[in-house]
Amino acid sequence: MTARHTNDLYRRYIAADTAYRRHAATCTACTITAPGPACQTGARLYESFSTLQAAYLNQLNQN
């Protein structure tokens, strides 16, 4: 992977983290560490964050 790809993946991962944290800060069902079981928005945002985090960390381990 190129440094540019790594940087892009990192930016997407951090943006997903920020989006989930902003949601969790105002959602009564979600916490900062996990979406609430009944919150579809939180589940979607957290899934995006966790998928991008895993991809980014996997990429770091391959380099």
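It should be noted that the structure appears before, not after, this text.
In what follows, the accompanying structure is described. Because the structure is predicted, anything quoted here is derived from the model rather than measured.

Among the structural elements, Ala29 can be located in the loop between α1 (3–26) and α2 (40–62). With 13 residues separating them in the primary sequence, Ala29 and Gly42 have C-alpha atoms 8.5 Å apart.

On to the packing of aromatic side chains, then. With the rule as written, the count across this model stands at six aromatic pairs. On the numbers, 6.1 Å between centres and 75 degrees between planes, the contact of Tyr10 with Tyr13 is edge-to-face. On the criterion of helical spacing, the pair formed by Tyr10 and Tyr13 is a turn pair, its members being three residues apart in helix α1. Judged by its relative accessible area of 38%, Tyr10 falls in the partly exposed class. The exposure class of Tyr13 is buried, given its relative accessible area of 13%. A network of ring pairs unites the aromatic residues Tyr10, Tyr13, Tyr20, Tyr46, Phe49 and Tyr56 as a single cluster.

Under the definition given, this model contains two salt bridges. Taking the shortest distance from any N to any O, the salt bridge between Asp8 and Arg12 comes out at 3.8 Å. One end of the pair is Asp8 and the other is Arg12, both in helix α1 and four residues apart, which spans about a single turn. Using a relative accessible area of 41% as the deciding quantity, one classes Arg12 as partly exposed. The residue Arg21 makes a salt bridge to Asp17 at a minimum N-O spacing of 3.1 Å. Highlighted residues: Arg21 and Asp17, both in helix α1, separated by four residues, approximately one helical turn. Relative accessible area serves as the criterion here: at 18%, Asp17 is assigned to the buried category.

Cut-offs used in this document
Residues numbered from 1 in each chain as written. Predicted model: local features only at pLDDT ≥ 70, side-chain atom pairs only at ≥ 80, totals over all residues. Heavy atoms only, no water. Helix = DSSP H or I, 4+ residues; strand = E, 2+ residues; numbered from the N terminus. Phe/Tyr/Trp six-rings, centres within 6.5 Å; stacked < 30°, edge-to-face > 60°. Buried < 20%, exposed > 50% of the residue type's maximum accessible area, 1.4 Å probe, protein only. Salt bridge = Lys/Arg side-chain N within 4 Å of Asp/Glu carboxyl O.

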